[in-house]
Amino acid sequence: MTLRIFVILLVMIVPVLGWAGEDANVLLDRAINQLVKSGYVGDTSAAERYLAAILEEQPDHLEANWQLVYMRLVRLMDMKLSDRVTGLSAIGPAFDHVAQLAEKSKNRAFSHFIMATYASYYNNFDRALGEIDRALALEPQSVRYLTSKARLIVAYGKWAKHDVWIEQGISLLRQGREQSLERPTPFLHDANFAFYLAGATSSLSRPRWKEVAEYYRQFVEQSTEQSLAYAFALNNASIAYKELGECEKAKVFADQALTVVKFGAAESNKRYAELCIEMQKMGLIAKKETTSIVTNAAP
């Protein structure tokens with residue numbers, strides 16, 4: 001074997017050997033951190049490699065299997081149920097495998113948690129909320145499960161156009177945020193709570209735009225990387241500022257979103273902000289007379 005070929009093979013093999021020697025918990029922490037920071041959207045390839053490395057050594061690793069399933073679920077989030085069914089059917093066998101692993105490990109709370117999540121993708125919110133309540137009954141101190149319940153209630157309220165439920169979800173999100181300061185969890189960063197609260201508050205029939213703008217500002221300030229979720233937050237902050245009549249700020253945030261990634265909603269909101277600025281200069285509009293486009297929110 002020539003020296004050149006040996007070096008090439010060594011470069012290819014060493015990273016694999018390094019990962020093989022890593023503890024599964026270390027790899028899982030890396031995967032979760034990457035996914036949580038990115039909001040499970042955009043490029044998740046690094047996290048997928050970490051999870052694959054775990055499963056190569058431990059095929060029945062419960063959390064690693066679930067994370068891979070959840071990544072697939074998140075991609076269906078913004079589809080209508082009629083369009084989502086095919087994808088859910090394809091995920092079904094992998095989900096059943098995770099459910100069996102949860103039962104086998106006797107992790108009943110986690111079993112209820114994943115059942116709640118899966119049911120919500122079928123818009124079966126009664127089943128979902130029943131399952132998450134069972135998880136919380138078994139682990140009442142779990143910030144992860146409390147936040148899941150909060151997000152399910154918000155989703156239910158948004159689906160049913162019921163502000164009272166959305167407000168209940170907002171209250172629980174705030175509670176979860178406070179508890180996470182005392183009991184940190186790798187599955188949720190404070191920035192995630194800001195993003196969820198912004199999305200929930202903007203889902204009200206009469207959104208509190210000042211709160212929405214503040215929550216998205218918090219998310220942007222706490223973000224350590226310019227992910228798709230970061231771009232969505234900038235764009236949605238642009239919407240909130242435009243609704244508040246702060247059209248200059250709306251344009252700045254739309255511009256910033258477009259520096260991260262080019263997407264139609266941000267381009268449209270930039271045009272609306274520019275129109276808003278011109279119409280305000282001419283004295284043709286007052287506050288809250290502009291039209292909004294809301295982009296997809298990350299999970």
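Keep in mind that what you see is a predicted model, and the values were worked out from it rather than measured.

Tallied over the entire structure, the rule returns 1 disulfide. The disulfide bridge from Cys 247 ends at Cys 276, spanning 1.8 Å between sulfur atoms. Taken as a pair, Cys 247 in helix α13 (residues 247–260) and Cys 276 in helix α14 (residues 264–281) lie far apart in primary sequence, 29 residues in all. Each of the two residues, Cys 247 as well as Cys 276, counts as buried.

Tracing the chain through its elements places Ala 266 in helix α14. Exposure remark for Ala 266: the relative accessible area of 0% places this residue in the buried category. Between the C-alpha atoms of Ala 266 and Ile 239, which are 27 residues apart in sequence, the distance is 9.2 Å. The contact partners of Ala 266, leaving out residues within four places of it in the chain, are Asn 235, Ala 254, Ala 257 and Leu 258.

Let's shift gears to the nonpolar core. Within the largest apolar cluster, 93 residues are counted, with the highest numbers of intra-cluster contacts made by Trp 66, Leu 73, Phe 110, Ile 114, Ile 132 and Tyr 145. Examining the composition of this core, we find that 10 residues originate from one element, helix α12 (residues 228–243), more than from any other. If we skip the residues at most four places from it in the chain, Tyr 145 touches Ala 109, Phe 110, Phe 113, Ile 132, Ala 135, Leu 136 and Glu 139.

Before going further, it helps to examine the environment of Gln 218. Examined against the element boundaries, Gln 218 turns out to sit in helix α11 (residues 209–222). For Gln 218 and Ala 198, which are 20 residues apart along the polypeptide, the C-alpha to C-alpha distance reads 9.7 Å. Excluding its chain neighbours within four sequence positions, the residues that come into contact with Gln 218 are Arg 177 and Ala 194.

Bringing unusual backbone geometry into the picture now. Positive phi, normally seen in glycine, also occurs at Tyr 40, with a value near 65°. Positive phi is not limited to glycine here, since Lys 106 has a value of about 60°. As for its placement among the helices and strands, Lys 106 is situated in the loop between α5 (81–104) and α6 (108–120).

Rules and cut-offs
- Residues numbered from 1 in each chain as written.
- Predicted model: local features only at pLDDT ≥ 70, side-chain atom pairs only at ≥ 80, totals over all residues.
- Heavy atoms only, no water.
- Disulfide = S-S within 2.5 Å.
- Helix = DSSP H or I, 4+ residues; strand = E, 2+ residues; numbered from the N terminus.
- Buried < 20%, exposed > 50% of the residue type's maximum accessible area, 1.4 Å probe, protein only.
- Contact = heavy atoms within 4.5 Å.
- Core = buried A, V, L, I, M, F, W, Y, C linked by side-chain atoms within 4.5 Å.

That's the geometry; what it means functionally is another story.
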